[in-house]
Structures are given as C-alpha cells and as structure tokens.
Amino acid sequence: MSDQDIKKATRHVNQNEALIFERSSPGKKAYRLPPLDVPAVDVGKALGSVARRDLGDMPEVSEMEIIRHFTRISTWNYAIDLGMYPLGSCTMKYNARVNEFVARLRGLAEAHPYQPERISQGALRVMKVLSDCLLDITGMDAITLQPAAGAHGEMTGILLMHAYLQSKGNPRKKILIPDSAHGTNPATAAICGYAVENLKSNSHGMVDIAALESQMNEDIAGLMLTNPNTLGIFEQEIHKIADILHRKGGLLYMDGANMNALVGKTRPGDFGVDVMHLNLHKTFSTPHGGGGPGSGPVACKKILEPFLPKPVITENADGTLGFDYDRPQSVGRVRMFFGNFGMHVRALAYIMANGPDGLRQTTEDAVLNANYIRARLNGDYELPYKSPSMHEVVFSDRLQAQRGVKTGDIAKRLIDYGFHPYTVSFPLVVPGALMIEPTESESLEELDLFVDAMQSIAREAEEDPELIKTAPHTTRVSRLDETSAARKPVLRWKKEEPTAKNAKNSELVSAGELVPSGRRD
Ligand SMILES: *Cc1c(COP(=O)(O)O)cnc(C)c1O
C-alpha cells in the first residue's frame, strides 16, 4: 500500500481528530425545540444591559458530533479510573462510587449555605460527625473544615501558630523546615511572613536531632514536618523532636498529607504534634485535582482552639447544632461559607463505609503494597535510604543514569507501558528520585504488572537507552514544553485562522501552548 492509500483508508481517524470548529457548518444544531405556543419575547430587551448580544465565535455542530468531540478528548488523558497512578506523595487512591451516590442525595446536594441553621441540621451533622471522626483519627482536640486544600490548610495552621505566639507576646521570626519537605511548606511559611530556616536530614533520611537541638531558639516559631516524611520514612524520634521545640516555646506543625500511612495505627496528637492538616483528597478518597475541589481540614491542640477560623460548629443544649461566630481571637475566615462541603460528605462516606477496622486495614495494605514494590524493584533500581518504608518508596536513577537515562526518561517510558508516571525528581534530597506510591487500591496483579514494566525499562536502559530517552512512543504527543505549559497556560480555546504551520496541531497548541515534538500521526 502506498502512503496515499493508507491516508485514504484511515481518513476517518484523521477526521475524528478534526477540531470542533472544523466540523462546524452554519445552521447545524444539537437540539430541536417544539414550535412556540406562547408569544415570543425579546430576551435582549427583557434583560436590558446584562443581556449578552455577541455570542462570539461558536461552533455549530450536531449532538453526536459534540458528544464524540468531548468523549474523544477525554480519552487523551489518563485517570485513576483507567489504571494505576503511582504518583508519590499524592495518594492517588480509588474514588469510591458510593461517595458520589451519597454526595448526590438531594438534601445534601441542594443544601444552600444561606439556609437557616434550623433547617440545615443534616448538613451540620455531617460536618460535626466528620469533625469528630477526624479528631479521633488524629488525636487532636479541635478542628476546622474550612481550608480548600493541603497548602491552604498549611497556611491556616501557621496562622494559628502565629496568633497563639502573638497572644503570648511574640509571634517570632522563623520556621524550621527539613530539606526533605514538600515545596508547599516553605512557601506557606513565607506567605505567613516567616523566614525559612533549613534543617538537614541525617543519613537515615530523618531529622538530624543534633542539628535541631543546636538550631532551635526563641526566634523560631516552630517546625513544619511531614510524617512519614517525603522519603516515606517515619520520623522515629518524633517525641524528642516535639520536646525540643516545646522546651523553647515553639510548636510542631505536621503536614498530614501522608496520613494514609498512619490512620488507625498511630495518632499525631499522641506523639506531640500541636497542629496539622489533612488532605481529604488524598487520605480520605475524595477526587483529586481536576475531578473536584480539594479539602484540607486543620486539627489542633486545645491551646490553639481559640484562634480557629470562624464560625465553628457548636452543639446546643437541646442537641441541635449551630454556628458560633463569637470568636474574638479567631484568625477570621479562610474560605467562604464552611469549606468544600461536598468533599466533607464524600470523606465521611468513605470513613463510615470502612469503619475503624477497615481504615486500619487500608493503612496496612497501603504500606504492604509500597513494600512489595520496594522488595521487587530493589536491585533493578538503587534504593538510597535503607530505613523501613511506609506508604511510599523512593528509588534513585543512579544505575540508569550511567547510560544517560534519567528519572524523567523512565517516567516517560512508563507511559508507553500504560501507567501514569511516578513522582519525578522529588524529594530533592535524593538526586534523580523515583517516588512511588501505589496506595491500597491496587491488587497484587496490578502491582506485578507495574513491577514487570519497571524491570523491563531497566533492561531497556542497558540495551537501548535511546528508546527511553525519546519516550513516550505510543501517545498522541510525545515530549511537551512542560515549562511553558506551567508558566503560560492557555486555558481557553481561541479560534485561529488555520495557517500551513498550525493547521494540524492547532488544537494541541492552543490547549496549553504546548509545542508537540515528535508527534506520531
Ligand atoms: C499534596 C501535598 C501537599 C499539598 O496539598 P495540596 O492539597 O496539593 O495543596 C503538602 N504536603 C505534602 C507532603 C503533600 O503530599
């Protein structure tokens, strides 16, 4: 067959790639309305100046064309519902469908935040029971459900620390942050007005106690610590760390994004933590990223309670629930209304569906799965820290880098094997890090497929490094300009006149100004 013949035979494929604007023809519609049986109204006149007269340049297509367009675009992406998503530190677990069912119950889905408390008792009860469960899980005394994400929770927590220290006379100047910390931690400290002081890890990948002891002084408001840390290692001296801080009047903030390793096994409130956030969209199975808004509740000890964002939920003498706005020491609101309520419903559904035993089992399975991968890939990939792994394991690309294959290349090649990449080049304490978190959601069969893929890539690195350095080979586009996509995102499609240069790739280019290199047609 000639190239010409192939082009002709596969033209429906090319057609399917056509843009929605290219399919547009004047007068085509995706709906048909019955003839009007009431007098017509001039909507523009009725609405006056708020009426939009110019609808812009809209495509005119049939219902089926539009369904195919969006369905096709949805298949260009990867999702937890398609396969394993071992993105370390992100806890990409299954979003149970029962959560969605519960969140769509009319009484909850249609509750309005301006509804009087009297007729909001069900919604208030959801928030109260969720709060109580999270306090039980964390061992803390008080909580706010307002923050909309992990980083937002961090900011709220540091504001609580600041307000508390201020009330003691001096908010202090600095926050200590270990070199293994998530990037949001120093950003949070800085945005709350603190200077960041780096704390180094020891050879086991844990906080260097001697360094902490010598760096801690009365200028330091506290320490922001992820536990288990971003190496997936539990800080075994956490009690000592808390004592060192408390002795000098400082506070211990715990980044609780990794609670999937601890729920039902141990409680931050019992090992000296003063304030922490949870990521409902990680540990508690609510959708992550594009699937829905996040939620980052902040739990604290009694001493910080007066400073919590307002309003707080209170139980009245007659057993009904209400909001208390009379909180003179509160840091104020951090989010409109009461936080992302739909996520509170889903997280509570997850907690109640599992129960205490189920949550403990979840934690054990998450840790078991990570350790299975660790045991099976150790040797194929270098394991820089030998301390026991919790819910995730961090390898380095040192063995592959000798052949010029870096962690980013291995991640790209993993896409060809049908998996979402692991977290690349993080934490920074491991040069060329591969950070893998399978979560409890994956079966042994799926873990084996992942291990097979990773071992196969390790062999390819020996035999044909170029194959990996130019991956992925099976996707619509190959290597993209990731920097421009992050720095100059173009989030809205704008019709552009096709030119010879952009005709073919215009949809891709405009969907983030990504410049495809090596696209396979
Ligand atoms: C995910 C994560 C965060 C930030 O949470 P967001 O909800 O993405 O803002 C902070 N710290 C750690 C350790 C994380 O894994």
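No experiment lies behind these values; they were computed from the predicted model shown. (Residues numbered from 1 in each chain as written. Predicted model: local features only at pLDDT ≥ 70, side-chain atom pairs only at ≥ 80, totals over all residues. Heavy atoms only, no water.)

(A) Just the overall build of the protein, in detail. When you go through the protein residue by residue, the secondary structure sums to 19 helices and 12 strands. Relative to its length of 521 residues, the protein is compact, with a C-alpha radius of gyration of 26 Å against a globular reference of 24 Å. Overall, the C-alpha framework of the protein stretches about 75 × 75 × 40 Å when taken along its three principal axes. By residue count, 49% of the 521 residues in the protein fall in the buried class. Put simply, of all contacts in the protein between residues at least 6 apart along the chain, 68% involve residues at least 24 apart. Looking at the protein, you have 59 positive and 64 negative side-chain charges, and the mean spots of the two groups are 5 Å apart. (Helix = DSSP H or I, 4+ residues; strand = E, 2+ residues; numbered from the N terminus. Rg over C-alpha atoms; globule rule 2.2 N^0.38 Å. Buried < 20%, exposed > 50% of the residue type's maximum accessible area, 1.4 Å probe, protein only. Contact = heavy atoms within 4.5 Å. Lys, Arg positive; Asp, Glu negative; His and termini not counted. Charge placed at Lys NZ, Arg CZ, Asp CG, Glu CD.)

(B) View of the domain arrangement of the protein. Per the domain assignment, the segments of the protein are domain 1 (3–40 + 55–76 + 480–510), domain 2 (97–353) and domain 3 (362–469). Using C-alpha coordinates to define each centre, domain 1 is positioned 43 Å away from domain 2. (Domains from an automatic or database assignment.)

(C) Geometry of the pairing of strand E9 (residues 321–324). Relative to E9, strand E8 (residues 312–315) is paired through 4 bridges, and the arrangement is antiparallel. Its bridge partner being in E9, Val312 is matched across the sheet by Asp324. Linking E8 back to E9 in an antiparallel pair, the connection comprises 5 residues, with Gly319 at a positive phi of about 90°. (Pairing = 2+ DSSP bridges.)

(D) Main features of the site of the ligand. The environment of the ligand is formed by 13 residues, the closest being Ser89, Gly150, Asp255, His281 and Lys282. For the ligand, an oxygen atom lies 3.1 Å from a polar atom in the side chain of Asn279. Contact distances for the ligand include 2.6 Å between an oxygen atom and a side-chain N or O atom of His281. When the free accessible area of the ligand is taken as 380 Å², the share hidden by the protein chains comes to 87%. (Near = heavy atom within 4 Å. Polar contact = N/O pair within 3.5 Å; in protein donor to acceptor, adjacent residues only side chain to side chain. Areas by Shrake-Rupley, 256 points an atom, 1.4 Å probe, with all protein chains shown as cover.)

(E) Looking closely at helix H16 (residues 444–463). Over its 20 residues, H16 extends 28 Å from the first C-alpha to the last, a length consistent with the 28 Å expected when each residue adds 1.5 Å. Here H16 has its buried residues at Leu447, Phe450, Val451, Ala453, Met454, Gln455, Ser456, Ile457, Ala458, Glu460 and Ala461. In this structure, the buried side of H16 is in contact with helix H13 (341–377), helix H14 (398–401), helix H15 (407–416), strand E12 (433–436) and helix H17 (465–469). (Expected span 1.5 Å × (residues − 1).)

(F) The nonpolar core, seen in detail. In terms of nonpolar packing, the biggest core is built from 54 residues, with Leu134, Ile241, Leu252, Phe284 and Ile351 touching the most fellow members. Broken down by secondary-structure element, the contributors of at least two residues to this core are helix H8 (121–138), helix H11 (209–215), strand E4 (220–226), helix H12 (238–247), strand E5 (251–255), E9 and H13. Per-element accounting of this core gives the leading share, 9 residues, to H8. (Core = buried A, V, L, I, M, F, W, Y, C linked by side-chain atoms within 4.5 Å.)

(G) Region of the structure containing the sheet that holds strand E3 (residues 195–199). Taking strand neighbours across the sheet as the criterion, the 7 strands line up as E1-E7-E6-E5-E4-E2-E3 in an open arrangement whose pairing is mixed. The sheet terminates laterally at strand E1 (142–144) and E3, the two strands that pair on one side only. Pairs of neighbouring strands in the sheet enclose a mean axial angle of 20°, with direction left out of account. Bridge count between strand E2 (residues 174–178) and E4: 3 bridges; the pairing is parallel. Paired with Lys174 across the strands is Ile220, a residue of E4. Along the sheet, helix H9 (residues 150–167) makes contact with E1, E2, E4, E5, strand E6 (275–277) and strand E7 (298–300), crossing E5 at roughly 175°. (Axes fitted to C-alpha atoms, helices over the stretch in contact; angles between N-to-C directions.)

(H) Representation of the state of the cysteines in the model. As enumerated under the stated definition, the model contains 0 disulfides in all. With no disulfide partner, Cys192 has as its closest neighbouring cysteine sulfur the one in Cys300, 15 Å distant. (Disulfide = S-S within 2.5 Å.)

(I) Summary view of the packing of H15 against H16. At a closest axis distance of 10 Å, the pairing of H15 and H16 adopts a crossing angle of 125°. When the axes of H15 and H16 are compared, the pair comes out oblique. Judged by the twist between their axes, the crossing of H15 over H16 is right-handed. Of the residues in H16, those touching H15 at Ile410, Arg413 and Leu414 are Phe450, Ala453, Met454, Ile457 and Glu460. Looking at the contact of H15 with H16 residue by residue, the class counts come to 6 nonpolar, no polar and 2 charged. (Parallel < 35°, antiparallel > 145°, perpendicular 65-115°, else oblique. Left-handed = near helix turned anticlockwise from the far one by under 90°. Nonpolar A, V, L, I, M, F, W, Y, C, P; charged D, E, K, R; others polar.)

(J) A look at the packing of aromatic side chains. Taken as a whole, this structure holds 10 aromatic pairs when the rule is applied. Ring centres of Phe323 and Tyr325 lie 6.4 Å apart, and the angle between their planes is 65°; on these two criteria the pair is classed as edge-to-face. On the basis of an interplanar angle of 85° and a centroid distance of 5.5 Å, the ring pair of Phe419 and Phe450 is categorised as edge-to-face. Of this pair, Phe419 sits in the loop between H15 and strand E11 (423–424) while Phe450 sits in helix H16, and the two are 31 residues apart along the sequence. Put simply, the rings of Tyr114, Phe323, Tyr325, Phe337 and Phe338 touch in pairs and so form one group of aromatic residues. Above the ring of Trp76, the side-chain terminus of Arg476 is found at 3.7 Å from the ring centroid. (Phe/Tyr/Trp six-rings, centres within 6.5 Å; stacked < 30°, edge-to-face > 60°. Lys NZ or Arg CZ within 6 Å of the ring centre and 35° of its normal.)

(K) Local environment of H15. Where burial is concerned, most of H15 is hidden: 8 out of the 10 residues are buried. Within the sequence span of H15, burial applies to Thr407, Asp409, Ile410, Ala411, Lys412, Arg413, Leu414 and Asp416. The inward-facing, buried residues of H15 contact H14, E11, E12, H16, H17 and helix H18 (482–487). Positive backbone phi, at 90°, marks Gly418, one or two positions downstream of H15.

(L) Highlighting the confidence of the model for the protein. Here the protein averages 91 in pLDDT, while 92% of its residues score no lower than 70. This stretch, residues 502–521, has a pLDDT under 50; its non-local contacts, to residues over four places away or in other chains, come to 50 contacts. (pLDDT = per-residue confidence, 0-100.)

(M) Region of interest: the environment of Ser203. Structurally, Ser203 can be placed in the loop between E3 and H11. A residue is classified by how much of its surface remains accessible, and Ser203, at 63% relative accessible area, is exposed. Distance in space between the C-alpha atoms of Ser203 and Glu445 is 34 Å, their sequence separation being 242 residues.

(N) Focus on the environment of Gly250. Within the element layout of this structure, Gly250 appears in the loop between H12 and E5. Considering only alpha carbons, one finds Gly250 and Leu321, 71 residues apart in sequence, at a separation of 35 Å. Sequence-distant contacts of Gly250, that is, excluding residues within four places in its chain, are made with Arg172, Met216, Ile220, Ala221 and Leu245.

(O) Looking closely at the pattern of salt bridges. Counting across every chain of the model gives 24 salt bridges. A salt bridge links Glu65 to Lys28; the shortest N-O distance between them is 3.0 Å. Here the residue Glu65 occupies a position in helix H5 (residues 63–74), and Lys28 occupies one in the loop between helix H3 (20–23) and helix H4 (43–47), the gap between them amounting to 37 residues. Each of Glu100, Arg104 and Arg346 takes part in salt bridges that share partners, so that together they form one network. (Salt bridge = Lys/Arg side-chain N within 4 Å of Asp/Glu carboxyl O.)

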